[in-house]
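If you want the building blocks of each chain, they are given just below.
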Amino acid sequence: MPSRTLLRLTVLAGLPVAGVVVAVLRDDLSVVLVIAAAFAAGHAAGMPSRAGRVQPLSPAVAVAAALVTEFAWVTLACSGAVGISAGWLIIRIRQDVRSADDLLPAQLGGLSVFIAVATGIHSLAPHTHGAGWAHLSMVLAASIAWYLTSAVVGALSSGMRQRLTRRLVFVAGLADWPAHFVLLASGAIYGVTEPDMGWWALLLATVPYGFARISLRRLAVTEETYRQTIRTLGRIPEAAGLTPPGHGARVADGSVAMASELGFGRRATERVEFAAHLNDIGRVVLADPAVAGGGHTDRDVAQWSSAIIAEAPYLEPVAAIVNETHRGYRRPGEVRDEDVPVAAQVVKVAAAYDLAISEGMEPVDALEVLHRGAAYDYDPVIVAALRRVLQRRGVAGT
Amino acid sequence: MLGVGFAGAGVCALVGLFLVQAVPEPLWLWALFAVFFVALDYSAVEVNDRLFVSSAVMVAFAGAVVFGRESAVLAAVLMVVPSILHPQDLKRRQWALALANFGQFVVSMTLAVTVFSLFLPEGDITRGDLPLIIAGAAVAAIVYDWLSFRIVAIATRVLYPEREVRPWTQLLPNHLALSVLAVLGAVLGVAYLIVGAVILPIGVFSFGVGQVAFASYAKLREAHEATIRGVVKAVEALDPYTRGHSERVAYFIDIAAAELDLAPERVQRLRWAALIHGMGRVAVPPALLRAESRLTADENARVERHMRVVEELLADVQFLAPMVEIVAGSRTLAERPDAALEERLFAAADRFDTLTTARSYRAAVTQAEAFDELRQRADEFGSDLVEALIGAITGRGEVYGSPDEASAAEVERLVRERAMRA
């Protein structure tokens, strides 16, 4: 791709050369190089944030540098150009080209917006020299701008378009706020205290950052493990031969896509995903003739699954969804049964579709089965969402 | 009783402080610090029974610096007072504990900050005073830590005499954290005096995020374990013969581990191995689970194959992988003389419970017979582990299995007769 090559060339040669030339002309090369080194290290070192992503530390460096240099925008721009290029190179060498390239657009865009906003506000109100509060609000405004920019850029350049809508990627990008604003605060602590306290500022800035980093990292790891566990528990009925192989994963995948199509938030999407995985866990109990006697209904499965899930109080909302998956979306004479959550219908439709496909039906026929149930079983609005997902994925005949 | 005594000591300390120290000025600033303190204290994370890691200490030390030597102790200790209304205590209606906690908190804070205030300079604080102040905070943190754990240990012993006071085996990280917090608080206080109030919101924010993230991590970890436990319980309920089996195995492991003085995290891992080792049964056809005669070698292999499918699945979960390894390893002990202690202890506990409970194809054996078998297989399980398990059971005066051989024989005869009728 020529545009990608161009970007790499710019980052590798153009930006640092321009930065150094300007710095030499302005005679502040040493300052620029020190800040650039911090940028490079900050860009290459990441802080774990939600959903396994990595948040580079450069916002902290930018905030600290803006405060210490009193918003000297040329210095900031030069050091950013040199530093982020160097950081890109470090990641490229240490990991791979892709992770280096993935981080870059959001970082360069965010930093540019940050410098523009921060120095812009500062030049509008230049008389606040030395006033901590005024400076703090300037970097806060600029950081929010950076934050929004990186979420937008992330949504635009996301490679997940197939599965998730841009809106969801944007919202997921916004969910990273704790990491971003902890970096802002750490940079601000350093920038505010450095002029008066010298090296002690480093201690003040790094200890809270370290604590937040450890906590966020543990949280991210636990979230990932939890997700893994749910996925695995969802596969137990498959291992026992009670549902078709891969059923849980496919239902979850379909449910998440439909939830995103229907505009669910991040939390609600996660609940739908969990519910889809654990929807059939109750079959494990019902497989036993001693328990189920002469067979069991969908209602039994839903209730047993729900009871097992509800053992974890944290998953009660998921259990509530699963508990309603056996119900139709309305009863005779109603437009819609308000007691049946939309999430339960999403899982029900996704599961019914996958079971039809597992029985060897074509996608068109499977959709027809769902449409035939539109009287009471499957909400047409949700079946339509499924159809849109299938169309976007290019499934034949839909 | 004890709570009242502790609280009395706390009140005495407070009254004494009012006599010797000046009231912190300005009052609104103190109130602000107190709000931060209470917010951090109430959101503290419980590490294990009643042991909280609270970053509130940081605010107390910052306050001590900000309000100066004359009112440092009073300023810090007054922030502690609202801790008597700790939501956790109120929710659990532990009035005595709330009082004891209040007294403990006030007394240790008084002594610690008194030590700290000796390191504070008389007049205005400058950057040059920092090394001395930091040293003071570190020393004071040690005093605080030592004192509160002493007092908590005494309180636990009085309130729960039946409980062994051993919960604080791994306190070093907490000691360290507390010292870092105290030092950080002191430096923050100095920064407040030199730089101004602008330091407060950013300092509190970045710490707050850390604390909230830590609390949600602790909550999520609990939820994760509860989820697995829920499925385990459901699977367990399937088979009347093995109901409660995993929990009993976990119990035997627990008491044997106490005898062997195993590290808590190893016991924890073993306990989980015990909980999940029956999960494989979901994949075993019910006919095999309920077989009325002893399984043939071929059938046994089939059962094991089914179980392994589920175990391999569970091993995909990072958290469960080491536990699955213990369970899998415990099956091949005879071939591996160098098997890990975990695998051998798990196998011994599992075997003991299997022997002492009835199966669909045989009755339970007596405890003496079970002990005999364990001793015979001491090469496999390790004689020290076998003796630890036996010692733990007999030491507690507990009896498992059939009460006597006669009834075991009777059950055996009935089972045979039923088989013949069928």
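Just so you know, these numbers come straight off a predicted model, no measurement behind them. (Residues numbered from 1 in each chain as written. Chains lettered and ligands numbered in written order. Predicted model: local features only at pLDDT ≥ 70, side-chain atom pairs only at ≥ 80, totals over all residues. Heavy atoms only, no water.)

> What am I meant to see in the overall build of chain A here?
The number of helices and strands found in chain A is 18 helices and two strands. Across the 398 residues in chain A, those meeting the buried criterion constitute 49%. Looking at chain A alone, contacts between residues at least 24 apart form 67% of all its contacts between residues at least 6 apart. By element, 62% of the accessible surface of chain A is carried by carbon and sulfur atoms, the whole surface being about 17,500 Å². (Helix = DSSP H or I, 4+ residues; strand = E, 2+ residues; numbered from the N terminus. Buried < 20%, exposed > 50% of the residue type's maximum accessible area, 1.4 Å probe, protein only. Contact = heavy atoms within 4.5 Å. Areas by Shrake-Rupley, 256 points an atom, 1.4 Å probe, with all protein chains shown as cover.)

> Honestly, the overall build of chain B in this entry has me stumped. Any pointers?
Of regular secondary structure, chain B possesses 19 helices and two strands. A compact globule built from 422 residues should have a C-alpha radius of gyration of about 22 Å, whereas chain B, at 29 Å, is more than 25% larger. Taking all 422 residues of chain B together, the buried fraction comes to 52%. Here the analysis covers contacts within chain B between residues at least 6 apart in sequence; of these, 73% occur between residues at least 24 apart. A gap of 5 Å separates the mean positions of the 38 positive and 48 negative side-chain charges of chain B. (Rg over C-alpha atoms; globule rule 2.2 N^0.38 Å. Lys, Arg positive; Asp, Glu negative; His and termini not counted. Charge placed at Lys NZ, Arg CZ, Asp CG, Glu CD.)

> Explain the packing of aromatic side chains to me, please; I cannot follow it from the model alone.
Geometry of an aromatic ring pair is reported as the spacing of the ring centres plus the angle between the planes. Residues and elements named next belong to chain B. One pass over the structure, following the stated rule, counts 17 aromatic pairs over all chains. Pairing Phe 214 with Tyr 217 gives two aromatic rings, centres 5.5 Å apart and planes at 65°, and the pair type is edge-to-face. With Phe 214 and Tyr 217 both in helix α9 (residues 199-236) and three residues apart, the pair spans about one turn of that helix. (Phe/Tyr/Trp six-rings, centres within 6.5 Å; stacked < 30°, edge-to-face > 60°.)

> Help me understand the nonpolar core, please; the structure alone is not making it clear to me.
Burial of nonpolar side chains together is a common tendency in soluble globular proteins. With 115 residues, the main nonpolar core has Leu 315 and Leu 370 of chain A together with Ile 276, Met 279, Phe 346 and Phe 352 of chain B as its most contacted residues. Element by element, the count of residues in this core is highest for α9 of chain B, at 11 residues. With sequence-adjacent residues up to four places away left out, Leu 370 of chain A is seen in contact with Val 349, Ala 352, Tyr 353, Tyr 378, Val 383 and Leu 386 of chain A. Counting 98 residues, the second-largest nonpolar core is a separate cluster that includes Ala 7, Phe 33, Ala 72 and Val 198 of chain B. (Core = buried A, V, L, I, M, F, W, Y, C linked by side-chain atoms within 4.5 Å.)

> What is the right way to read the side chain of Ser 215 of chain A from this model?
Structurally, the position occupied by Ser 215 of chain A is in helix α9 (residues 200-239). Residue Ser 215 of chain A is classed as buried on the basis of its relative accessible area, which comes to 0%. Setting aside residues up to four positions removed in sequence, Ser 215 of chain A forms contacts with Gly 210, Ala 213 and Phe 214 of chain B.

> Where do I start with the pattern of salt bridges in this structure?
If the charged atoms of two oppositely charged side chains come close together, the side chains can form a pair. Residue and element names in this part refer to chain B. Here the structure, examined in full by the defined rule, presents 24 salt bridges over all chains. Here Asp 353 and Arg 248 are joined by a salt bridge, their closest N and O atoms 2.6 Å apart. In this pair, Asp 353 is assigned in helix α15 (residues 341-356) and Arg 248 in helix α10 (residues 245-260), connecting sequence segments 105 residues apart. Among the salt bridges present, the one from Arg 336 reaches Glu 343, with a minimum N-O distance of 2.8 Å. A relative accessible area of 9% means that Glu 343 is categorised as buried. Each of the salt bridges in this network shares a partner with another, and the network as a whole consists of Arg 351, Glu 373, Arg 377 and Glu 380. (Salt bridge = Lys/Arg side-chain N within 4 Å of Asp/Glu carboxyl O.)

> Is there a simple way to explain helix α2 (residues 27-42) of chain B in this structure?
Compared with the 22 Å implied by 1.5 Å per residue over 16 residues, the 22 Å span of α2 of chain B between its first and last C-alpha is a close match. Here α2 of chain B has its buried residues at Leu 29, Trp 30, Phe 33, Ala 34, Phe 37, Val 38, Leu 40 and Asp 41 of chain B. (Expected span 1.5 Å × (residues − 1).)

> In this structure, what is going on with a positive patch on the surface? I would like to understand it.
Where like charges cluster on the molecular surface, the positive patch consists of Arg 266, Arg 267 and Arg 271 of chain A together with Lys 219 of chain B. The leading source of residues in the positive patch is helix α11 (residues 266-278) of chain A, at three residues. Counting through the fold element by element, Lys 219 of chain B comes out in helix α9. Here Lys 219 of chain B falls in the exposed class, since its relative accessible area comes to 55%. (Patch = residues over 30% accessible without salt bridge, like charges linked within 9 Å, V, L, I, M, F, W, Y side chains within 5 Å.)

> Can you help me understand the packing of helix α3 (residues 56-66) of chain B against helix α6 (residues 95-118) of chain B in this one?
Relative orientation and spacing of two packed helices are given, respectively, by the angle between their axes and the distance between those axes. Residues and elements named next belong to chain B. Between α3 and α6, the least distance of the axes is 11 Å, while the angle of their chain directions is 45°. Compared by their axis directions, α3 and α6 come out oblique. Here α3 and α6 pass one another in a crossing that is right-handed. Between α3, through Ala 60, Phe 61, Ala 64 and Val 65, and α6, the contact on the second element is made entirely by Met 109, Val 113 and Phe 116. Classifying every residue of the contact of α3 with α6 gives seven nonpolar, no polar and no charged. (Axes fitted to C-alpha atoms, helices over the stretch in contact; angles between N-to-C directions. Parallel < 35°, antiparallel > 145°, perpendicular 65-115°, else oblique. Left-handed = near helix turned anticlockwise from the far one by under 90°. Nonpolar A, V, L, I, M, F, W, Y, C, P; charged D, E, K, R; others polar.)

> Is there a simple way to explain empty space enclosed by the protein in this structure?
The probe, sized like a water molecule, is rolled over the atoms to show the empty space still left. Residues and elements named next belong to chain B. The full count for this structure, using the stated rule, is five cavities of 30 Å³ or more. Estimates place the volume of the second largest cavity at around 100 Å³. Together, Phe 33, Phe 36, Met 58, Val 59, Ala 62, Leu 188, Gly 189, Tyr 192, Ile 199, Leu 200, Gly 203 and Val 204 line the second largest cavity. When residues of the lining of the second largest cavity are traced back to their parent elements, those giving at least two are α2, α3, α8 (172-195) and α9. Looking at the lining of the second largest cavity, the element that brings in the most residues is α9, giving four residues. (1 Å grid on protein atoms, 1.4 Å probe; cavity = no way out; pocket = protein on both sides within 12 Å on 5 of 7 lines; lining within 4 Å. Points joined across faces, edges and corners; volume = space filled by probe spheres on them.)

> Hey, could you run me through the interface of chain B and chain A in this one?
Interfaces are often described in size by the accessible area the parts lose on coming together. If you look at the interface, chain B gives 55 residues, while chain A gives 52 residues. The tally of links from chain B across to chain A stands at one salt bridge. For Asp 316 of chain B, the salt bridge goes to Arg 235 of chain A, with nearest N and O atoms at 3.4 Å. Summed over the shared surface of chain B and chain A, the number is seven residue pairs in polar contact (both at pLDDT 80 or more). At the level of secondary structure, the elements contributing two or more residues to the side of chain B that touches chain A comprise α7 (130-159), α8, α9 and α13 (297-314) of chain B. In terms of residue count, the dominant contributor to the side of chain B that touches chain A is α9 of chain B (27 residues). Looking at side-chain class alone, the side of chain B that touches chain A contains 40 nonpolar, nine polar and six charged residues. (Polar contact = N/O pair within 3.5 Å; in protein donor to acceptor, adjacent residues only side chain to side chain.)

> Looking at this model, I keep getting lost on the environment of Asp 196 of chain A. Mind explaining?
Within the element layout of this structure, Asp 196 of chain A appears in helix α8 (residues 177-197). The exposure class of Asp 196 of chain A is partly exposed, given its relative accessible area of 36%. For the pair Asp 196 of chain A and Asp 365 of chain A, spaced 169 residues apart in the sequence, the C-alpha separation amounts to 74 Å. If we skip the residues at most four places from it in the chain, Asp 196 of chain A touches Arg 127, Ile 194 and Val 195 of chain B.

> What exactly am I supposed to notice about the packing of helix α11 (residues 264-276) of chain B against α15 of chain B here?
Residue and element names in this part refer to chain B. One can describe the packing of α11 onto α15 by two numbers: an axis separation of 11 Å at closest approach and a directional angle of 45°. The orientation of α11 with respect to α15, classified from their angle, is oblique. α11 and α15 meet at a crossing whose hand is right-handed. Where α11 approaches α15, its residues Arg 266, Arg 269, Leu 270, Ala 273 and Ala 274 are matched on the opposing element by Leu 341, Glu 342, Leu 345 and Phe 346. Classifying every residue of the contact of α11 with α15 gives six nonpolar, no polar and three charged.

Just geometry here; none of it tells us what the structure is for.
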